[in-house]
Amino acid sequence: MDITGEILDWSTARFRLTGKGRPKTGVADFHYEYDGVLSRTWEAGVEQRHSLTGTVLRAKDHGSGSNLARAGVTASFVAVKRSFPAPREVPGVALLPEALSMLATRVHRLRHTTWHVLRSVWRGPLTDVDRKEIAELGWGIDRPPFNHKGLDLANGAGEDFLFMHRRMIRMVNEIYERSGVPVIRGWAAIPGADAPQYVYLEKDDPARPGEKIMRYDAARSGFMVPPADAELLATFPEARRPTMKLLKSPNYLSFAMRALERTYTSPLELSRLSLGALGNLLEFTIHNQMHMRWASVPRDAQGKVALRGDFDFDEKWDDPSYDYLGDFYSSHLNPLFWRLHGWVDNRIQDWFDAHEAVAPGEIERIDHKGVAWFKPGKWVAVAEPFDWPESEHDHHGDHGHGDEHAVAVMLKVLKIVRRAQEPTVGEGLAAELPEPPLNVMSFLRWIDVPAE
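Residues numbered from 1 in each chain as written. Predicted model: local features only at pLDDT ≥ 70, side-chain atom pairs only at ≥ 80, totals over all residues. Heavy atoms only, no water.

Trainee: So, the overall build of the chain: which residues are in play, and what are the values?
Mentor: Each helix and strand counted, the chain has 12 helices and 11 strands in total. With the C-alpha coordinates of the chain rotated into their principal frame, the extents come out at 85 × 60 × 45 Å. In the chain, buried positions account for 46% of the 452 residues. Sequence-distant contacts, at least 24 apart, represent 65% of the contacts inside the chain between residues at least 6 apart. By element, 54% of the accessible surface of the chain is carried by carbon and sulfur atoms, the whole surface being about 22900 Å². For the chain, the distance from the average site of its 55 positive side-chain charges to the average site of its 63 negative ones is 5 Å. (Helix = DSSP H or I, 4+ residues; strand = E, 2+ residues; numbered from the N terminus. Buried < 20%, exposed > 50% of the residue type's maximum accessible area, 1.4 Å probe, protein only. Contact = heavy atoms within 4.5 Å. Areas by Shrake-Rupley, 256 points an atom, 1.4 Å probe, with all protein chains shown as cover. Lys, Arg positive; Asp, Glu negative; His and termini not counted. Charge placed at Lys NZ, Arg CZ, Asp CG, Glu CD.)

Trainee: Any chance you could break down the side chain of Asp387 for me, citing the residues and the numbers?
Mentor: Position of Asp387 among the secondary structure elements: in the loop between strand S11 (371-374) and helix H11 (392-396). Within polar-contact distance, the side chain of Asp387 engages the side chain of Lys369 at 3.1 Å. Non-local contacts of Asp387, meaning those with residues more than four positions away in its chain, are made with Trp115, Trp139, Phe163, Met164, Arg167 and Lys369. (Polar contact = N/O pair within 3.5 Å; in protein donor to acceptor, adjacent residues only side chain to side chain.)

Trainee: Any chance you could break down the packing of helix H4 (residues 157-178) against helix H10 (residues 335-358) for me, citing the residues and the numbers?
Mentor: Where H4 contacts H10, the axes come no closer than 10 Å and their chain directions differ by 125°. As far as their axial angle goes, H10 and H4 are oblique. The two elements H4 and H10 meet at a crossing, and its hand is left-handed. Facing Phe161, Leu162, His165, Arg166, Met168, Ile169 and Val172 of H4, the residues of H10 in contact are Phe337, Trp338, His341, Val344, Asp345 and Ile348. Classifying every residue of the contact of H4 with H10 by side-chain character gives nine nonpolar, two polar and two charged. (Axes fitted to C-alpha atoms, helices over the stretch in contact; angles between N-to-C directions. Parallel < 35°, antiparallel > 145°, perpendicular 65-115°, else oblique. Left-handed = near helix turned anticlockwise from the far one by under 90°. Nonpolar A, V, L, I, M, F, W, Y, C, P; charged D, E, K, R; others polar.)

Trainee: So what's going on with the sheet that holds strand S1 (residues 2-9)? Residues and values would help.
Mentor: Spatial strand order, S1-S2-S3-S4-S5: five strands in an open sheet with antiparallel pairing. Each edge of the open sheet is held by one strand with a lone partner, namely S1 and strand S5 (74-80). Direction aside, the axes of adjacent strands within the sheet are offset by 25° on average. Looking at chain direction, strand S3 (residues 31-38) and strand S4 (residues 51-58) are connected through seven bridges and run antiparallel. Residue Gly36 lies in a different strand from S4, and its bridge partner there is Gly54. (Pairing = 2+ DSSP bridges.)

Trainee: Kindly report on the packing of aromatic side chains, identifying the contributing residues and their values.
Mentor: Considering all chains together, one arrives at 19 aromatic pairs under this definition. Relative to Trp446, the ring of Phe284 has its centre 5.9 Å away and its plane inclined at 85°; by these criteria the two rings are edge-to-face. Taken together, the positions of Phe284 in helix H9 (residues 275-293) and Trp446 in the segment after helix H12 (401-421) put the pair 162 residues apart, joining distant regions of the chain. In this structure Phe284 comes out as buried when scored by relative accessible area, which is 12%. Judged by its relative accessible area of 29%, Trp446 falls in the partly exposed class. Aromatic pair Trp373 and Phe374: ring centres 5.5 Å apart, planes at 50°, arrangement tilted. Judged by its relative accessible area of 1%, Trp373 is buried. (Phe/Tyr/Trp six-rings, centres within 6.5 Å; stacked < 30°, edge-to-face > 60°.)

Trainee: I'd love a proper account of unusual backbone geometry, names of residues and values included.
Mentor: Look at the link from Gly124 to Pro125: it is a cis peptide, with omega at 15°. Position of Pro125 among the secondary structure elements: in the loop between helix H2 (106-121) and helix H3 (128-136). Despite not being glycine, Ala13 shows a phi value in the positive range, around 50°. Inspection of the secondary structure puts Ala13 in the loop between S1 and strand S2 (14-20). Residue Ala13 is classed as buried on the basis of its relative accessible area of 18%.

Trainee: Give a description of the side chain of Asp300 that names residues and reports values.
Mentor: On the secondary structure map, Asp300 appears in the loop between H9 and H10. Lys316 is the oppositely charged side chain nearest to the buried, salt-bridge-free Asp300, at an N-O distance of 6.0 Å. Sequence-distant contacts of Asp300, defined by excluding residues within four places in its chain, comprise Ala306 and Ser321. (Salt bridge = Lys/Arg side-chain N within 4 Å of Asp/Glu carboxyl O.)

So, in structure tokens, the structure goes:
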């Protein structure tokens, strides 16, 4: 049925709904009226769920013969709010087990973490000594995304962002192709504020010609924005909670994200940008916000609310169920990561098309590390975009020694970052310090807090 309605009274949250069967379906003649209220939230209640209670009236007859249902019949109803279903729990949305297994390994988690965190801290708090140590380990950042004036749109740092994630997408796509499964498609447009978690589309009913039936559509499901409820907000410092509420609001989509989406899909605007400028702008004006808008409550393998500390690399966090979209260490295990990064990656083609329309052939396509990319020139600054140091695993297909070596190196790099990030209070005490109030490994780090 199609449901419409209105709020009759906000003081007691009383509502009235009308449900009518959709034409050409098996319930086309259904017509029901609902009257209900939001049940009281008990002050002393423990883990009480919101519920809607009320009565329903059959407003007109439906059916015929022995199946005739007479109008005027009433009944009670109770609707209990269920827990938000994580994307991995939505049928047809979860990653392939083979892809999930690869992405959950420590080497992949640490690669994504190390890459992002170094760009966050390279200009500070890291010192010249720290940067030299990290460079000697193969993780030097030649193009930090920020300079002393702010976001650097000229040094090609955004090319690193776009290339690294495009290479990640290729790795996952290869697994899907080998399995004979269609690859994950990025969002064609940023999902609307009213996107449900389970989408049903009207289709022709194969059993009844001329009539319709509703069929579940996995390709459009799983995109609902997780609510900014008390459970989620409690995982953030109090000063950041207004930011999270704003990011998840319909208004933020309307006045901020839609405007940015129009900019990054405009041929005129894209034709004026270098590839590096596009990448840096995407990362710091909409990409981070998308991560946090679709982030749901972080949970451990037992389903308990748990947020990993920045430098807590206990093996319990390597469980595939830890796929929190707000953490560098886990975001790429979340099915929505590949939808939103697919949207970001699609902007590269838009950018190329915009330049090609203005000056055909000015930007040349090449293959770089097996990834479709671009030759340096007027609009492309970097010959070797940085993703991660090539390990023995990359060169020789060794899934043992190469990965172990890469993990050891990345842990050394992150140890240097921790040393710089935390105040020096004495030898051996760093491990006892509490975590900083806002994780340096969170995508929320680069999102401004609204003024109080």
